[in-house]
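Given next are the chains, with one letter for each unit.
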Amino acid sequence: MGTTVFERQKPPASVIRHALTGTRQSSFWLDDLPARPAYPTLAGERTADLVVVGGGYTGLWTALLARRRNPGARIALLEARKIGWAASGRNGGFCEASLTHGRENGLARWPDQLDELERLGLANLDAIGSDLEEWGVDAEFERVGSMGVAVEEHQLDWLDDWVVDAASRGEGEHVVRLNEAQVRASVNSPTYLGGVWEKHSTALVHPGKLASELARVASEQGIEIFENSLVKRIDDADADGNVRLVTASGAISAPRIVLGTNVFPALLKRNRLMTVPVYDYVLMTEPLTTEQLAAIGWGDRQGLSDLANQFHYYRLSADNRILFGGYDAVYHYGRAVRPAYENRPTSYETLASHFFTTFPQLDGLKFSHKWAGAIDTSTQFCAFYGTAREGRIAYAAGFTGLGVGASRFAGEVMLDLLEGADTERTRLDMVQKRPLPFPPEPAAAIGINMTRWSLDRADHNEGRRNVLLRTLDALGLGFDS
C-alpha cells in the first residue's frame, strides 16, 4: 500500500497542538448568530391544517412552501429543541444543485432520469436564490461554484473524465479543467495537481443564518413555531381524519403531517432502519489576516473538496475564516445520536494535520471552533420519500450530507405527495421507490466499518476498489465520494 499526500507531508505535532489550543467546542455558525427570538413550547390541545415536525431546513422550507401554496392555511412547526441546532446549524454551507449526491451516484441509480433530476436540481438552486431575495433573507448566499482538486497523480484521470463528460452534455462552459499552475493560481496549495471548477452548480451560505432567517420569515407569514416540543408519538387518525402528534406538554391534530426529522429516531416504524447516523467533524479557523489571505489567494471564493474517498471539504466564511471538514466519517454501534460523540480529539487532530498539509503557509493560524454532527445516511446516499397513514403523513430523510439545497426540493415533493398530485417530481423513481434499509445490529456496524476501512485502503491504492467495494457497487450500494 502507498501513502497519501497527507502522510507524506505531515506537519510537526507542535503546529497542530498550537492550532488547537483554546479551540471552542461549538458550531461557529450558531455562535455567530445575533440574538434570536425564543419560540414558545407547545402546550395544551391545538389543531392546524398542516403540522411540520422538524425545525431544520427540511421543515422550514416545507412550511414556507406550504404557505405559498395555501396562504390561508393554519400551519404549525414543531422543533424538539431550538431552530437549526442540529445538522442545519452544523454543516459546511455547501448549497448544491445535485439531488443525487453527485452525478456518478445518480447515474448508477437512475440513469434514465438523470437529465431530468439534474434539470430539477438546477431549477431548485435557482429558486433558493430567488426565494431568499424575495423574502429579504440574509444568509450570505454566494453562487460561486465549487472546485474539485486532485492531490494524487491517479486522480488527474478522473478530472479529465469529468470535463469530457460535461462537454458531451453541453456543460463545458460551466465545467472548467484547470492544470496545476492554473489551480494553484486560483487557490495556492502545494498539494494541488489539477482541478475542475463547476461554476454554476453550488452556492455557499451561512448555515445558521439560513435556518434562523427562514424561521423569521415563517413566523412573519403566520406560521406558528414551537420549540422544545419533541414529538413523542403519533396517534392514529380520528373519525375526521386528523392525525394527533403528542409532546410532553401538549398535542396538536391536523389532517396533514410532514416529518422532517432526518437523522433522529424515526417516528414511523417503517423508517427505523432506513438511515444511520454517521458523525462528521469540522474545524473553523480564526479570520485570516490580509497577508495570510494573500498567501493562499482564493479570490474567487469557490467551495473546495479533494477527490479521495475520504474527502475534505472547505470554504471561506464572510469574514475570511476557513472551514475545513470531512475525512473521518464515524459510525457508533447502535445508531445512537449522542453529544458525547462530538468531542473526538483524534478526528480534530487529523483534520488540523491535513489542513496544514494543504496550507503550510498558514503555520501559526489557530482554530477558533471545532464541532461535529450526525449525517442521516441512507443506502442510496441521497433523500428518499414516502407517505403513511393513508397519505396523511409525508416524509423525507437520508440526505447523506447534501441536504442544504435538496431540502427545499424535498419540501415540494412532500407537499405534492400530501396533495396526491401527479407531478414531474412525484413521477421520479427516486420518489416512488424506497432504497434498501440498513441491517440491524451487529450487521450494520460490521458492514459500515468494513466499508469505511475499504475506502481508506482504496485511497492508499490509487483508488482501486477491493472485493467488498466492487460487490457493493454491483448491488447498487456502493459509494464513490
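Nothing here was measured: the structure is a model prediction, and the numbers come from that model.

Calculation rules
- Residues numbered from 1 in each chain as written.
- Predicted model: local features only at pLDDT ≥ 70, side-chain atom pairs only at ≥ 80, totals over all residues.
- Heavy atoms only, no water.
- Helix = DSSP H or I, 4+ residues; strand = E, 2+ residues; numbered from the N terminus.
- Buried < 20%, exposed > 50% of the residue type's maximum accessible area, 1.4 Å probe, protein only.
- Polar contact = N/O pair within 3.5 Å; in protein donor to acceptor, adjacent residues only side chain to side chain.
- Contact = heavy atoms within 4.5 Å.
- Expected span 1.5 Å × (residues − 1).
- Axes fitted to C-alpha atoms, helices over the stretch in contact; angles between N-to-C directions.
- Parallel < 35°, antiparallel > 145°, perpendicular 65-115°, else oblique.
- Left-handed = near helix turned anticlockwise from the far one by under 90°.
- Salt bridge = Lys/Arg side-chain N within 4 Å of Asp/Glu carboxyl O.
- Pairing = 2+ DSSP bridges.

## Describing the side chain of T400
(1) Moving on: With respect to the helices and strands, T400 occurs in the loop between β21 (393-397) and α12 (403-419).
(2) Moving on: The class for T400 is buried, based on a relative accessible area of 9%.
(3) Moving on: Among the polar contacts listed, one links the side chain of T400 to the backbone nitrogen of S378, at a separation of 3.3 Å.
(4) Moving on: If we skip the residues at most four places from it in the chain, T400 touches H101, I375, D376, T377, S378, F381 and C382.

## Regarding helix α9 (residues 207-220)
(1) Moving on: Taking 1.5 Å per residue, 14 residues should reach 20 Å; α9 reaches 20 Å between its end C-alpha atoms and fits that length.
(2) Moving on: By the criterion of burial, α9 is predominantly enclosed, with eleven of the 14 residues buried.
(3) Moving on: Among the residues of α9, P207, G208, K209, L210, A211, S212, E213, L214, A215, V217 and A218 are the ones counted as buried.
(4) Moving on: G222 sits one or two positions beyond α9 and adopts a positive phi of about 85°.

## Considering the environment of L117
(1) Moving on: You can see L117 is positioned in helix α6 (residues 114-135).
(2) Moving on: Through-space distance from the C-alpha of L117 to that of R408 is 14 Å; in sequence the pair is 291 residues apart.
(3) Moving on: When near neighbours in sequence (up to four residues on either side) are disregarded, L117 contacts L99, T100, W110, L428 and M430.

## Comments concerning the packing of helix α4 (residues 57-69) against α12
(1) Moving on: Where α4 meets α12, the closest approach of the two axes is 8 Å, and the angle between their N-to-C directions is 50°. Regarding the angle of α4 to α12, the classification is oblique. The crossing of α4 and α12 is right-handed. Here Y57, T58, W61, T62, L65, A66, R68 and R69 of α4 come into contact with α12, specifically with G403, V404, S407, R408, G411, E412, M414, L415, D416 and E419.

## Section: the pattern of salt bridges
(1) Moving on: A complete count under the given rule lists 35 salt bridges for this structure.
(2) Moving on: Linking E152 and R8 is a salt bridge whose minimum nitrogen-to-oxygen distance equals 3.1 Å. Placement of E152 in the loop between β6 (146-150) and α7 (155-168) and of R8 in helix α1 (residues 5-8) is noted, with a sequence separation of 144 residues between them.
(3) Moving on: The partly exposed category is assigned to R8, whose relative accessible area is 46%.
(4) Moving on: Connected through shared salt-bridge partners, R68, R69, D131, E134, R408, E412, D416, E419 and R425 make up one network.

## Comments concerning unusual backbone geometry
(1) Moving on: Between E441 and P442 the backbone carries a cis peptide bond, its omega angle lying at 5°.
(2) Moving on: In this model, N228 sits at a positive phi of 50°, which is unusual for a non-glycine residue.
(3) Moving on: Turning to its location among the elements, N228 is positioned in the loop between β10 (224-226) and β11 (233-235).
(4) Moving on: Owing to a relative accessible area of 45%, N228 belongs among the partly exposed residues under this scheme.
(5) Moving on: Phi at W298 takes a positive value of approximately 65°, unusual for a residue other than glycine.
(6) Moving on: Positionally, W298 belongs in the loop between α10 (290-296) and β16 (303-306).

## With respect to the sheet that holds strand β15 (residues 276-285)
(1) Moving on: Spatially, nine strands are ordered β1-β19-β15-β18-β17-β16-β6-β8-β7 in an open sheet, and the strand pairing comes out mixed. Of all strands in the sheet, those bounded by a partner on one side alone are β1 (24-25) and β7 (175-178).
(2) Moving on: Two strands pair when backbone bridges link them, and β1 and strand β19 (residues 367-377) are joined in this way by two bridges, in the parallel orientation. If you follow R24 over to β19, its bridge partner there is H369.
(3) Moving on: This element, helix α14 (residues 443-459), spans β15 and β18 (322-331) of the sheet and lies at about 130° to β18.

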